[in-house]
Amino acid sequence: MSKSCDRRAFLKLVGAGAGGAMLSSCGNSGDSGPAAQSPGQVLGVRDVGVLSDIEKRKLRVGFIPITCATPFIMAKPQGFYAKHGLDVSLVKFSGYAEIRDSLIAGEIDASHMLSPMPLAITHGVGSAAVPTRLAVIGNVNGCAITMAKRHRDMPATAEGFRGKVLAVAFEYSMPNYQLRNYLAGLGLDPDNDVDIRVMRPPDMLANLISGNIDGFLGPDPPNQRAVYEGAGFLHKLTVDLWEGHPCCGFAVLDDFAVSYPNTYRALLRAVSDAALWAHEPTHRADIAAVLAPSEYLNQPESVVRAVLTGQFEDGLGATRSVPNRIDFDPYPWQSFGVWMATQMVRWGYVPKERLETPADFEAYVRPVFDTSASREALQALGATAPSEVFKPVMIEGRPFDARDPLSWTERTLT
């Protein structure tokens, strides 16, 4: 929930919501698992009833097995999809290119994605241009720079990182843009002074252990699993680079939203409901128990719990408490998209001539980051929704204002 939300009102609504039932047993990632809880048993913000005339109730939703997918996964076993009138099958993917292509091909109806991906897909960056909407931010924070244990004595300087091989989940991702911004802040050229490789999140730990990479900036649980295995240490949490930064999101094609408007509204209510519920710290340990098994994340429960609760070992001998290591705040601020677009220009993914003015950036982002649909879903759930689409933030100590983004497009190295 954003800081603009009234937390006390939210907690009151949760308490009045649906009877205080505990988590049900975990369902399967297809149709054959145990039945979800009935809507009356589901913890949520408000019982709003099921929308009339939902055009398509049986849906396939794609996810990557990382903690960023928490709301999209938990909406199935905890019954949020059913609560809002949907019969959802979850489909697991290993990598983002595959999940993108499956969404474009119509093999899935909606998808967990890295939040910059709908921008890239809409504007034909790295794929065919297919208008796509992002109306829910799946998680904020939730990533880290993890380095191999053999580098535990490396200085956190340009020389410490120079020549290292570092992995990110995808070109069009917050991990890629945050890693590049961090390295540039150290005075390095990310394209020449280090070797940045795209790697599926499930493959990162094995490549770290084998020595194929020196580190990665990626989502959890691979970061915490590296600590658990004694293979790596947490160099930097991304919450320390930009508190409240977006990471993953929830996307549908424009054609889907137009063809099935009430289904789209029901989906947004379901995953927003799940995100607001997952925001509450008291639910995190129970969520870890559901997510850990093989049908979802396939990780030790203690690893997932460490991430979600923010009580964790850092691989350097310290036990840390960072409650907002990962959090869940579903509103898709368009200012997030503007910053992503500045980095797409800065690092050569989008020609500079394509985005030359602040108005160009706003027009680039507005059709993709569907704040109006998100606001409607949140208000229907009884949660406070921002009326604005931009908010100022601090990124590595530097202010970012989406109305004045051009300085962030410069390939400046500190």
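Nothing here was measured: the structure is a model prediction, and the numbers come from that model. (Residues numbered from 1 in each chain as written. Predicted model: local features only at pLDDT ≥ 70, side-chain atom pairs only at ≥ 80, totals over all residues. Heavy atoms only, no water.)

1. Concerning helix 7 (residues 174-185)
Then step 1. The end-to-end C-alpha separation of helix 7 is 16 Å, in line with the 16 Å expected for 12 residues at 1.5 Å each.
Then step 2. Burial analysis of helix 7 places 11 of its 12 residues in the buried class, which makes it a mostly covered element.
Then step 3. The complete set of buried residues in helix 7 reads Met174, Pro175, Asn176, Tyr177, Gln178, Leu179, Arg180, Asn181, Tyr182, Leu183 and Ala184.
Then step 4. Capping the start of helix 7, Ser173 holds a side-chain oxygen 3.1 Å from the backbone nitrogen of Asn176, two or three residues further along. (Helix = DSSP H or I, 4+ residues; strand = E, 2+ residues; numbered from the N terminus. Expected span 1.5 Å × (residues − 1). Buried < 20%, exposed > 50% of the residue type's maximum accessible area, 1.4 Å probe, protein only. Polar contact = N/O pair within 3.5 Å; in protein donor to acceptor, adjacent residues only side chain to side chain.)

2. Remarks on the environment of Met174
Then step 1. With respect to the secondary-structure elements, Met174 resides in helix 7.
Then step 2. Measuring from C-alpha to C-alpha, the distance between Met174 and Met117 comes to 9.5 Å, with 57 residues separating the pair along the chain.
Then step 3. Once residues lying within four places of it in the same chain are set aside, the contact partners of Met174 are Ser115, Pro116, Leu179, Trp242, His245, Pro246, Cys247, Trp339 and Met340. (Contact = heavy atoms within 4.5 Å.)

3. Quick word on the packing of aromatic side chains
Then step 1. Taken as a whole, this structure holds 14 aromatic pairs when the rule is applied.
Then step 2. For the ring pair Phe63 and Tyr296, a centre distance of 6.3 Å and an interplane angle of 65° mean the geometry is edge-to-face. Note that Phe63 is positioned in strand 1 (residues 58-63) and Tyr296 in the loop between helix 12 (284-291) and helix 13 (301-309), a separation of 233 residues in sequence.
Then step 3. Residue class for Phe63 comes out buried when judged on its relative accessible area of 0%.
Then step 4. Classification of Tyr296 by relative accessible area gives buried; the value is 0%.
Then step 5. Relative to Tyr172, the ring of Phe170 has its centre 5.6 Å away and its plane inclined at 80°; by these criteria the two rings are edge-to-face. Residues Phe170 and Tyr172 agree in their burial class; the two are buried.
Then step 6. Taken together, the ring pairs connect Tyr96, Phe170, Tyr172, Tyr177 and Tyr349 into an aromatic cluster.
Then step 7. Here the guanidinium or amino end of Arg325 rests over the ring plane of Phe312, the centre of that ring lying 4.4 Å away. (Phe/Tyr/Trp six-rings, centres within 6.5 Å; stacked < 30°, edge-to-face > 60°. Lys NZ or Arg CZ within 6 Å of the ring centre and 35° of its normal.)

4. Comments concerning the environment of Asp195
Then step 1. Tracing the chain through its elements places Asp195 in strand 8 (residues 195-198).
Then step 2. Note: C-alpha distance between Asp195 and Ala167 (28 residues apart in sequence) is 8.3 Å.
Then step 3. Apart from residues lying up to four places away in sequence, Asp195 is in contact with Lys164, Val165 and Leu166.

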